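Descriptive analysis of the structure
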Amino acid sequence: MSSQQPLRILAFGAHPDDCELCVGGTAAKWVQQGHAVKFVSMTNGNVGHFTKFGAELAAIRKAEVEQCARILGITTEVLDINDGELEPNLSNRKTVIRLIREWRADIVLCHRTNDYHPDHRYTGRLVQDSAVLLVAKFYMPEVPALDRNPVFLYYADEFEKPVPFAPTVTVAIDDVITTKRAVIDALPSQFADKDSWMGEKMQSLPPDQDGRRVQIRE
Ligand SMILES: [Zn+2]
């Protein structure tokens, strides 16, 4: 492949904020360089709030990541799987294979599989389990197989067992930090509402200079 050819990048997250948190700044840089980026949330995020839930919350979360996608200049998709109920089953594996093949991905990103949250773990597991079949042309022939496997990358995390995260690639996002912060601000049901998950769980932490209680994570 020519180094001039735009790359096609597909990021999987468990919830409608994970890709934005884990790779939003890097995505902004990819877009600046002319690459095509898509975020997929494997669940609809319809649980992680302390006053809203169900279809109402799922709709709010979908609208939030769509706004993030407009800010970043990317494509986004939220699968209609309930928050907290993602399973590493064959149906979901086929969905992941279809999404990677349809995007013709050169790079795929996901969580590692040793996270405390089952949705994060199983997102990583589903992507891992999809990898070997992406190039098998007689498997799901209705979606053309890839000619070669994408590069698979994991998001940074702080989990120590069984092995701590060791970066092989690091990306400085200082020059796009304003965009990254705009993305976080476009997710108020996650971080800014007083009844949001982080708004309640992180009250014990001091806010940053702009009043946010959120880890940038990139
Ligand atoms: Zn998550």
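Residues numbered from 1 in each chain as written. Predicted model: local features only at pLDDT ≥ 70, side-chain atom pairs only at ≥ 80, totals over all residues.

Regarding the overall build of the chain
Cut-off, in case you're wondering: The helix and strand labels rest on DSSP assignments: H or I over at least four residues marks a helix, E over at least two residues marks a strand, and numbering proceeds from the N terminus. We compute the radius of gyration over the C-alpha atoms and compare it with the globule rule, which gives 2.2 Å times the number of residues raised to the power 0.38. Throughout, a residue-residue contact means that the two C-beta atoms, derived from backbone geometry, are no farther apart than 7 Å.
Secondary structure assignment for the chain yields seven helices and five strands. Helices and strands appear in the chain in the N-to-C order β-α-β-α-β-α-β-α-β-α-α-α. Computed over the C-alpha atoms, the radius of gyration of the chain is 17 Å, within 12% of the 17 Å expected from 2.2 N^0.38 for a compact globule of 218 residues. For the chain, the C-alpha atoms occupy an extent of roughly 50 × 35 × 35 Å along the three principal directions. Long-range pairs, those at least 24 residues apart, make up 72% of the contacts in the chain with a sequence separation of at least 6.

Some thoughts on the packing of helix α1 (residues 18-32) against helix α2 (residues 54-72)
In plain terms, the rule: Here an angle of 0 to 180 degrees is reported between the N-to-C directions of two axes, which are lines fitted to C-alpha atoms, with helices fitted over the stretch in contact. In this scheme, roughly parallel covers angles under 35 degrees and roughly antiparallel covers those over 145, while 65 to 115 is roughly perpendicular and the rest are oblique. Throughout this entry, Asp, Glu, Lys and Arg are counted as charged residues, while Ala, Val, Leu, Ile, Met, Phe, Trp, Tyr, Cys and Pro are counted as nonpolar. The remaining residues, Gly among them, count as polar.
Look at α1 against α2: their axes get within 10 Å of each other, and the N-to-C directions meet at 30°. With respect to α2, the element α1 is oriented roughly parallel. Note on element contacts: α2 touches α1 through Val65, Cys68 and Leu72, opposite Glu20, Gly24, Ala27, Ala28 and Val31. A class-by-class count of the residues in the contact of α1 with α2 yields six nonpolar, one polar and one charged.

Concerning the sheet that holds strand β3 (residues 75-78)
Inclusion rule: A pair of strands counts as paired when DSSP detects no fewer than two bridges linking them.
Across the sheet, five strands lie side by side as β3-β2-β1-β4-β5; this open sheet has parallel pairing. Looking along the sheet, the strands with just one partner apiece sit at the ends: β3 and β5 (151-154). Recorded for the sheet is a direction-independent mean angle of 15° between the axes of neighbouring strands. Bridge count for strand β4 (residues 107-110) against β5 is four bridges, and the pairing is parallel. The partner of Leu109 across the bridge, within β5, is Leu153. Docked against the sheet, helix α4 (residues 118-131) engages β1 (8-13), β4 and β5, running at close to 150° with respect to β4.

Any functional reading would require information that these geometric values do not contain.
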